[in-house]
Amino acid sequence: MPHCCRPTAFAAQLDVLAAAAPAIETLIDRHVGSRRDWLPGELVEFGDDPQLVELRLLRDRARGLAPAIKVSVMLNLLTEEGLPHFHRIISEHVGSQAIWQRWTRLWTAEEDRHGNVMRDYARDAALFEPGALDRLQFDFLDAGFDPEWAGSPYRLLAYTSLQERATQVSHANTARLAAAQEPLLQKVLARLAGDEARHCAFYRDAFGLALAADPDAALLELASVAPKLSMPGSTIAGFQMMAEVERQAGVFGPRQYAALVAESLAYWGIGRVEPHGSEARCARDALMALPGRLEVLADRLDHRRHLKTFEFDFLRHRLAAMAALA
Ligand SMILES: [Fe+2]
Ligand SMILES: [Fe+2]
């Protein structure tokens, strides 16, 4: 059990999820029926190329990628490689139930291939300074990840619903920016975005079950996690600067987050939920106002002085210009 939860609330939420086990199983079966079975070596593999012609062509193309795209790949790759943190957190919250063990095993196997294929790609494309990715990954895992939102199974489901969509958007936008210069990177990231969409569909409907059975508690937990989605890579060295590059490049930031929050609230029908208590009603109203608040934040950031250049040790020429994407 996570350290910061109230034991009674934790147990009550687990009881609700236990009662929903048949419906959870249906969601897992739906996922299994729609999932795409693929392996990293099918996408990134140059083993039968003794002259390394394809590999050289890949490196030529990758060299021409805008630095902001490389930063997005690094941040999204490190986020994927944080899987040991996320596996632990999910297991701590819902791992006591057999049905969730089934889900967590499958989900972990699917997520693991995301980090693997991005890592294979980054190595073969010689995308970063040698060793830089290894160091950042080691330090990220060593730093730990204990998000403020931890402590409630409902909050976990709310968080993962939003986070999976955020990851999907981030991969899809990076893929779009990379497409003209580097079709293999586009293909890899588009494959990942498809997986994230299916993960989001599962978590969103699992949270919907909690919302239907226990609306007051579910609304309060959603309202505690949605306003400030602490991204899973926030303990990565240089995270803030990488996130700022992603925001300015249009990969992911408050603007994209506002859109996915609005979409999620509409999906769950939050505006129509009638909770019993006044606290939960306030939470519902605050949630409904959240997309507008996030848009205001996005506008404010857009009018702020923009980063012209940025510098990362993992980029081969360290100092890079933001304008390269324009
Ligand atoms: Fe992933
Ligand atoms: Fe995912």
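**Quick notes on the coordination of the iron ion (ligand 2)**
Phase 1: For the iron ion (ligand 2), every protein donor is listed as E111 (OE), E164 (OE), E164 (OE), E196 (OE) and H199 (ND1), and the spread of their distances is 1.8 to 2.8 Å.
Phase 2: Separating the iron ion (ligand 2) from the iron ion (ligand 1) is a gap of 3.8 Å, bridged by E111, which donates to each. Taken together, the residues E164 in helix 9 (residues 153-178) and H199 in helix 10 (residues 183-213) connect sequence positions 35 residues apart.
Phase 3: Owing to a relative accessible area of 0%, H199 belongs among the buried residues under this scheme.

**Concerning helix 9**
Note that an α-helix has 3.6 residues per turn; residues three or four places apart therefore point the same way.
Phase 1: With 26 residues, helix 9 should cover 38 Å at 1.5 Å per step; its first-to-last C-alpha distance of 37 Å lies within 8% of that length.
Phase 2: By the criterion of burial, helix 9 is predominantly enclosed, with 22 of the 26 residues buried.

**Side note on the pattern of salt bridges**
Phase 1: According to the stated counting rule, one finds 27 salt bridges in the structure shown.
Phase 2: A salt bridge links R88 to E92; its shortest N-O distance comes to 3.3 Å. Placement of the pair is R88 and E92 together in helix 6 (residues 83-94), with a separation of four residues, close to one helical turn.
Phase 3: For E92, a relative accessible area of 30% puts it in the partly exposed group.
Phase 4: A salt bridge links R135 to D139; the nearest nitrogen and oxygen atoms lie 3.3 Å apart. With R135 and D139 both in helix 8 (residues 132-143) and four residues apart, this pair spans about one turn of that helix.
Phase 5: A residue is classified by how much of its surface remains accessible, and R135, at 48% relative accessible area, is partly exposed.
Phase 6: Overall, D139 belongs to the partly exposed group, its relative accessible area being 34%.

**Looking at the layout of surface pockets**
Phase 1: Empty space within the second largest pocket amounts to approximately 280 Å³.
Phase 2: What lines the second largest pocket is a set of 15 residues, and nearest its centre among them are R63, K70, L127, R316 and H317.
Phase 3: Elements with a contribution of two residues or more to the lining of the second largest pocket: helix 4 (53-63), helix 5 (67-81) and strand 2 (319-321).
Phase 4: For the lining of the second largest pocket, the leading source of residues is helix 4, giving three residues.

**Details of the packing of helix 5 against helix 6**
Phase 1: Following both chains from N to C, one finds helix 5 and helix 6 inclined at 45°, their axes separated by 5 Å at the closest point. On the basis of the axis angle, helix 5 is oblique to helix 6. From helix 5, T79, E80 and E81 reach across to helix 6, where they touch L83, P84 and F86.
Phase 2: Considered class by class, the residues forming the contact of helix 5 with helix 6 number three nonpolar, one polar and two charged.

**Points about the coordination of the iron ion (ligand 1)**
Phase 1: Here the iron ion (ligand 1) is held by E80 (OE), E80 (OE), E111 (OE), H114 (ND1) and E196 (OE), and the distances to it run 2.0 to 2.4 Å.
Phase 2: Each donor residue of the iron ion (ligand 1) belongs to the same chain, and together they define the spacing E-x30-E-x2-H-x81-E.

**Thoughts on the packing of aromatic side chains**
Two descriptors summarise a pair of aromatic rings, namely the distance from one centre to the other and the angle between the planes of the rings.
Phase 1: In total, this model carries ten aromatic pairs according to the counting rule given.
Phase 2: Relative to F312, the ring of F310 lies with its centre 5.8 Å away and its plane at 50°, an arrangement referred to as tilted.
Phase 3: Overall, F312 belongs to the buried group, its relative accessible area being 7%.
Phase 4: Through successive ring pairs, a cluster of aromatic residues spans W100, W103, W107, F202 and Y203.
Phase 5: Of note, R204 hangs over the ring of Y267, and the distance from its end group to the ring centre comes to 3.9 Å.

**Examining the nonpolar core**
Phase 1: W100, Y121, L222 and F314 are the most contacted members of the largest nonpolar core, which totals 98 residues.
Phase 2: Here the element with the most residues in this core is helix 10; it accounts for eleven residues.
Phase 3: Setting aside anything within four residues of it in sequence, one finds W100 in contact with L17, I24, V94, L157, F202 and A206.

Rules behind the numbers
Residues numbered from 1 in each chain as written. Chains lettered and ligands numbered in written order. Predicted model: local features only at pLDDT ≥ 70, side-chain atom pairs only at ≥ 80, totals over all residues. Heavy atoms only, no water. Donors = N, O, S within 2.8 Å, 3.2 Å for Na, K, Ca; no water. Helix = DSSP H or I, 4+ residues; strand = E, 2+ residues; numbered from the N terminus. Buried < 20%, exposed > 50% of the residue type's maximum accessible area, 1.4 Å probe, protein only. Expected span 1.5 Å × (residues − 1). Salt bridge = Lys/Arg side-chain N within 4 Å of Asp/Glu carboxyl O. 1 Å grid on protein atoms, 1.4 Å probe; cavity = no way out; pocket = protein on both sides within 12 Å on 5 of 7 lines; lining within 4 Å. Points joined across faces, edges and corners; volume = space filled by probe spheres on them. Axes fitted to C-alpha atoms, helices over the stretch in contact; angles between N-to-C directions. Parallel < 35°, antiparallel > 145°, perpendicular 65-115°, else oblique. Contact = heavy atoms within 4.5 Å. Nonpolar A, V, L, I, M, F, W, Y, C, P; charged D, E, K, R; others polar. Phe/Tyr/Trp six-rings, centres within 6.5 Å; stacked < 30°, edge-to-face > 60°. Lys NZ or Arg CZ within 6 Å of the ring centre and 35° of its normal. Core = buried A, V, L, I, M, F, W, Y, C linked by side-chain atoms within 4.5 Å.

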